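One-letter residues, chain by chain:
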Amino acid sequence: MDKKRYFETEAIRIQAERSSHREHSVPVFETSSFIFRNAEEARDIFAETLEGNIYSRFSNPNTDEFIKKMCALEGAEDGIATSSGMAAIFLGFISILRPGDHILASNQIFGTTRLMITQVLSRWGISHSFVIKNEKKIWEDSILPTTKVIFAETPSNPGVELIDLKWICKLAEKHGLYVIIDNCFATPYLQRPIDYGADFVVHSATKYIDGQGRTIAGVILGSKDNIKDVRMFSRIIGPTLSPHTAWLLSKSLETLAIRMERHCSNALQLAKYLESNNQVNWVRYPFLSSHPQYNLARKQMKLGGGIISFELKGGIKRAMRFINALELVSITSNLGDTRSIITHPATTTHSKLTIAERAESGITDGMLRISVGLEHINDLIEDIEQAINKSK
Ligand SMILES: *Cc1c(COP(=O)(O)O)cnc(C)c1O
């Protein structure tokens, strides 16, 4: 039974124990609590000398199944499912940080993660710095005696900039630091940060893990030891994932591999198209040879992912006209959906950053981010092309 199976098989066949009804597909365990056979069993389960579910804030067959799958796919030992990606990131930080500690984070991170560091954790005596330029020497020089953790996304949101996972994990090891990687853009199908030595992987499961724009959820994964405090905090604070959402996500994982294959092939074709259009200033996509970290991308990622950033000639006004001219692609702030989505980071996802912070993060006023969906590539290119032409 311990035979290691392929990614696709694990994503489908890891399953909660069947009930006496012998259902093929797993049911939703919509129950707040679980019944004990007798007082002694209740005592032993509470004492953790006997395994068993107590209360759905702690554990539930649906969240357990989802976590088991995520662990198998990411190569982690343990994890906690949360009600949002932000809750997973927060649990990661608070489980390892104390007042006086310092967070060293990549400058290119999700806007709300940045706000968590600057607006929330700062109130509890946790300082931070952002690595303005993604160069190895600058990363190393930015480590302070109080630095406790390195936080990074790769590829980053929205600039699809990469961090060398092997290198950053070695650097952290040398300085005795934790590494938290937000693996939201790549998913375990494209890269597994824990294989390189990352201590925690976090996800906004809202994105590719669900992949269909239906829910908000998160997950944090790591070694048994690292997850101990995460579990304690989660049980006490209660950012728990509902059984229904866990069931939904576990179902979604069954198709993660084939969805990612199509997201990536559509995105590569669209990126190539954009690069060939003379109305486009620049295009960033990890598997385009023009990406400054193309070689790293080929080494570290199985495919290039589903997100492209680019800029049209004509700056912010042109960007707005282009968005308004799109007929198929949706204007919404999610990503990783079956439906293609356009976002203007400077006025939406990253609008709470100061102008200087945006400039430092490489978010130009004209930058557009497209989350390439699973529609037919010809329809996508046709829509983008007509909007480029109409917005001239
Ligand atoms: C969306 C997102 C998050 C936040 O996740 P929620 O599920 O919205 O809480 C964190 N990191 C990245 C990279 C994201 O794209």
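## Here we look at the pairing of strand β1 (residues 78-82)
It is a general feature of regular strands that their side chains alternate between the two faces of the sheet. Buried residues dominate β1, accounting for 5 of its 5 residues. Burial along β1 is two-sided: Asp78, Ile80 and Thr82 and Gly79 and Ala81, pointing in opposite directions, are all buried.

## Description of helix α12 (residues 256-276)
Between its terminal C-alpha atoms α12 stretches 30 Å, which fits the 30 Å expected from 21 residues at 1.5 Å a residue. Those residues of α12 that sit buried are Leu256, Ala257, Arg259, Met260, His263, Cys264, Asn266, Ala267, Leu270, Ala271, Tyr273 and Leu274.

## Points about the nonpolar core
Core analysis: the largest hydrophobic core is formed by 66 residues, its most contacted members being Phe66, Leu270, Leu274, Ile308, Phe310, Phe322 and Ile384. With 9 residues, α12 is the single largest residue contributor to this core. For this core, the domains that each give at least three residues are domain 1 (7-253) and domain 2 (256-390). Apart from residues no more than four positions distant in its own chain, Leu274 is found in contact with Val280, Val283, Ile308, Phe310, Ile384 and Ile388. The next biggest cluster of nonpolar side chains, apart from the first, holds 25 residues, and it includes Ile94, Leu97, Ile109 and Val230.

## Details of the site of the ligand
Gly85, Asp182, Ser204, Thr206 and Lys207 are the nearest of the 14 residues found near the ligand. Ser204 places a polar side-chain atom, nitrogen or oxygen, 2.8 Å from an oxygen atom of the ligand. In the environment of the ligand, an oxygen atom lies 2.6 Å from a nitrogen or oxygen atom belonging to the side chain of Thr206. Protein chains bury 91% of the 380 Å² of accessible surface belonging to the ligand in isolation.

## Things to note about the domain arrangement of the chain
Domain annotation for the chain reports domain 1 (7-253) and domain 2 (256-390). Taking only C-alpha atoms into account, the centre of domain 1 sits 27 Å from that of domain 2. Contacts between domain 1 and domain 2 engage 40 residues on the former and 42 residues on the latter. Between domain 1 and domain 2, a total of about 3300 Å² is buried, with carbon and sulfur atoms accounting for 60% of that surface. A per-residue breakdown of the area domain 1 buries against domain 2 is headed by Tyr189, Leu190 and Tyr208, which together make up 23% of the total. Our count for the domain 1 to domain 2 interface comes out at 1 salt bridge. Residue Arg114 pairs with Glu357 through a salt bridge whose shortest N-O separation is 3.8 Å. In this structure, the connection of domain 1 to domain 2 is made through 16 residue pairs in polar contact (both at pLDDT 80 or more). At 4 residues, helix α8 (residues 187-190) tops the list of elements feeding residues into the side of domain 1 that touches domain 2.

## Observations regarding the sheet that holds strand β8 (residues 280-284)
With mixed pairing, 5 strands are arranged side by side in an open sheet as β8-β9-β12-β11-β10. Each having just a single partner strand, β8 and β10 (330-331) make up the two edges of the open sheet. By the bridge criterion, 3 bridges tie strand β11 (residues 341-343) to strand β12 (residues 367-371) in an arrangement that is antiparallel. Following the sheet pairing, Thr343 is matched in β12 by Arg369.

Rules behind the numbers
All residue numbers refer to positions counted from 1 along the written sequence of the respective chain. For this predicted model, a pLDDT threshold of at least 70 governs which residues receive local features, and a threshold of 80 or more governs which side-chain atom pairs are given and counted, while totals over whole chains, interfaces and linings are taken from all residues. Heavy atoms throughout the structure, all of them, feed into the side-chain values; hydrogens and water do not. Only protein chains enter the accessibility calculation, which uses a 1.4 Å probe; a residue whose area is less than 20% of its type maximum is buried, one above 50% is exposed, and one in between is partly exposed. We count a stretch as a helix when DSSP gives it H or I for four or more residues in a row; a strand needs E for two or more, and each element gets its number in order from the N terminus. Multiplying 1.5 Å by the helix residue count minus one yields the expected span of that helix. For the purposes of this section, nonpolar cores are sets of buried Ala, Val, Leu, Ile, Met, Phe, Trp, Tyr and Cys residues that join through side-chain atoms within 4.5 Å. These domain boundaries are the output of an automatic or database domain assignment. Whether two residues are in contact is decided by their heavy atoms, any of which lying within 4.5 Å being enough. We call a residue near a given molecule or strand whenever any one of its heavy atoms falls within 4 Å of it. Counted as a polar contact is a pair of N or O atoms within 3.5 Å, where, for protein atoms, one must be capable of donating a hydrogen and the other of accepting one, and residues adjacent in sequence contribute only when both atoms are in side chains. Accessible areas in this description were obtained via Shrake-Rupley with a 1.4 Å probe; residue shielding takes into account the shown protein chains only. Here the buried area means the combined drop in accessible surface, using a 1.4 Å probe, for two parts upon being joined, counting both sides. Within this document, salt bridges are pairs made up of a side-chain nitrogen of Lys or Arg and a carboxyl oxygen of Asp or Glu, the two lying within 4 Å of each other. Note: two strands are recorded as paired if DSSP finds a minimum of 2 bridges between them.

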